[in-house]
Amino acid sequence: MTKELPGVGESLRTAVRPLPQPGPGEVRVRVEACGVCGSDHFLQAGGFGDSISFPVVPGHEAAGRVDALGDGVEGFAVDDQVALYYISTPPGDRWTAAGRPNISPDLTRMGVDIDGAFAEYVIRPTAALIRPPEPIAPEILAVLTDAVATPVHGLKRIARLRAGESLTVIGVGGLGSSAVQLGKAMGAKVIAVTRSPTRQALARELGADEVVGASATEAIDIVREFGGGFGTDVVIQCAPDARADEAAIAMAGPAGRVVLIGAATEPFSVRATEIFWKELEVRGSRGFVPDDISDAISLYLDGSISVDHLVQHSRPLSEANEALDDLKQGRVLRSVLTP
Ligand SMILES: [Zn+2]
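Values in this document were obtained by computation on a predicted structure and should not be read as measured data.

### Details of the packing of aromatic side chains
Following the criterion strictly, the structure yields four aromatic pairs and no others. Where Tyr85 meets Tyr86, the ring centres are 5.9 Å apart and the plane angle is 75°; that geometry is what we call edge-to-face. On the numbers, 5.6 Å between centres and 65° between planes, the contact of Tyr85 with Phe288 is edge-to-face. With Tyr85 in the loop between strand 5 (81-84) and strand 6 (87-88) and Phe288 in the loop between strand 15 (281-284) and helix 9 (290-301), this pair connects stretches of sequence that are 203 residues apart. When its relative accessible area of 1% is taken as the criterion, Tyr85 is described as buried. Here the aromatic residues Tyr85, Tyr86 and Phe288 are joined through ring pairs into a cluster of three or more. Lying over the aromatic face of Tyr121, Arg28 brings its terminal NZ or CZ to 5.7 Å of the ring centre. Lying across the ring of Phe226, Lys189 places its NZ or CZ 4.5 Å from the centre.

Given below as structure tokens:
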């Protein structure tokens, strides 16, 4: 059984597909858990444009067990627990060779371009499987692959956040909440900005040194003060809001790194002088790479981060529409579907 999206703006519907067969170098995975993410809503709302061929089965934040091996697969056995990387690229891909499959122009995304893990089974190439060093509850392993790996990518690989630096997190949703914890785990001083009182409380719980209950624009002066009067070393902008993009740039201090990770659909504007006077880096952070999943798993296993707040809402796969709706209405940070 799968839950497929028939087209833009439509509800998911139940579809029965034949049991998929792994080709050479591929593995069939029995899905044990799949997170429901903002990108699933983005897909449903038509955010990915005309390139999507419907119907498609969403689901890109998944974990499960190896169920069958294709020809030539080595190093994996039936029943191995695996986290799934949702991107695959063609052999010899230049960006993958450079460790950056997430920005390859030729990438294929599970749950967007091909059928994903709102399903009982998926097919993945072995390069897309990450085996945890010890057993992890399926719901937890699933959210580590995206909700946590995405801010790991943004803070570690893109912003190069170092211990002792100051970090602003704008938006405390699925990504921002993990960014708060990761910032603390990486030794930074963290200020979080969110208008929602429940998310302010969550940010405090997750270790934020200061929490601002205001819009990003209203919070600029408070953040600058927090960063010694000049702004913070790193700003990670997780809110899908163009005004927050502008505020993020205004919040960064000299040599600051601004990481844009929230998918605002509106353009934003900035004066070039705002960027060059401070020699800011304004960088995009797109998803994550397999090493970010491994890092997320290690941080979880050594107790540096908790994901309790991301796995409180579990639903059977048959309730995928309800889970998407919970997310859209802001009732949950994440739902996890279990087939
Ligand atoms: Zn996602």
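### So, the pairing of strand 14 (residues 252-260)
Counting buried residues in strand 14 gives seven out of nine residues, a clear majority hidden from the surface. Relative to strand 14, strand 13 (residues 232-237) runs parallel, the two being bridged by five bridges. The residue of strand 14 that forms the bridge with Thr232 is Ala252. In the classification by handedness, the crossover that spans strand 13, the intervening helix 7 (residues 242-251) and the parallel strand 14 is right-handed.

### So, the sheet that holds strand 14
Taken in spatial order, the six strands make up an open sheet running 12-11-10-13-14-15, and their pairing is parallel. Of all the strands in the sheet, just strand 12 (210-212) and strand 15 have a single pairing partner and so form its edges. Ignoring strand direction, the axes of neighbouring strands in this sheet form an average angle of 15°.

### Overview of the coordination of the zinc ion
Taken together, the protein ligands of the zinc ion are Cys37 (SG), His60 (NE2) and Asp146 (OD), with distances of 1.9 to 2.2 Å. For the zinc ion, all donor residues lie on one chain, and their spacing in sequence is C-x22-H-x85-D. Separated by 86 residues along the polypeptide, His60 in the loop between helix 1 (38-44) and strand 4 (61-69) and Asp146 in helix 3 (residues 138-158) bring together distant segments of the chain. Of the two residues examined, His60 and Asp146, each falls in the buried class.

### Overview of the packing of helix 3 against helix 4 (residues 174-185)
Contact pair helix 3 / helix 4: the axes reach a minimum separation of 8 Å and the direction vectors enclose 55°. What the angle tells us is that helix 3 and helix 4 run oblique. Helix 4 is crossed by helix 3, and the crossing has right-handed handedness. The residues of helix 4 that touch helix 3, namely those facing Asp146, Ala147, Val148, Thr150, Pro151, Val152 and Leu155, are Gly174, Leu175, Ser178, Ala179, Leu182 and Gly183. Residues that form the contact of helix 3 with helix 4 fall into these classes: eight nonpolar, four polar and one charged.

### Concerning helix 3
Taking 1.5 Å per residue as the helical rise, helix 3 with its 21 residues ought to reach 30 Å, and the 28 Å between its terminal C-alpha atoms agrees with that figure. Of all 21 residues in helix 3, 17 are buried; the element is thus mostly enclosed. Positive phi appears at Arg160, one or two residues downstream of helix 3, with a value of about 50°.

### Quick notes on the side chain of Thr168
Along the chain, the position of Thr168 falls in strand 10 (residues 166-170). For Thr168, the contacting residues outside a window of four places in its chain are Ile191, Val193, Val223, Thr232, Val234, Val235, Ile236 and Met251.

Conventions and cut-offs
- Residues numbered from 1 in each chain as written.
- Predicted model: local features only at pLDDT ≥ 70, side-chain atom pairs only at ≥ 80, totals over all residues.
- Heavy atoms only, no water.
- Phe/Tyr/Trp six-rings, centres within 6.5 Å; stacked < 30°, edge-to-face > 60°.
- Helix = DSSP H or I, 4+ residues; strand = E, 2+ residues; numbered from the N terminus.
- Buried < 20%, exposed > 50% of the residue type's maximum accessible area, 1.4 Å probe, protein only.
- Lys NZ or Arg CZ within 6 Å of the ring centre and 35° of its normal.
- Pairing = 2+ DSSP bridges.
- Right-handed = clockwise from strand over helix to strand, strands pointing away.
- Axes fitted to C-alpha atoms, helices over the stretch in contact; angles between N-to-C directions.
- Donors = N, O, S within 2.8 Å, 3.2 Å for Na, K, Ca; no water.
- Parallel < 35°, antiparallel > 145°, perpendicular 65-115°, else oblique.
- Left-handed = near helix turned anticlockwise from the far one by under 90°.
- Contact = heavy atoms within 4.5 Å.
- Nonpolar A, V, L, I, M, F, W, Y, C, P; charged D, E, K, R; others polar.
- Expected span 1.5 Å × (residues − 1).

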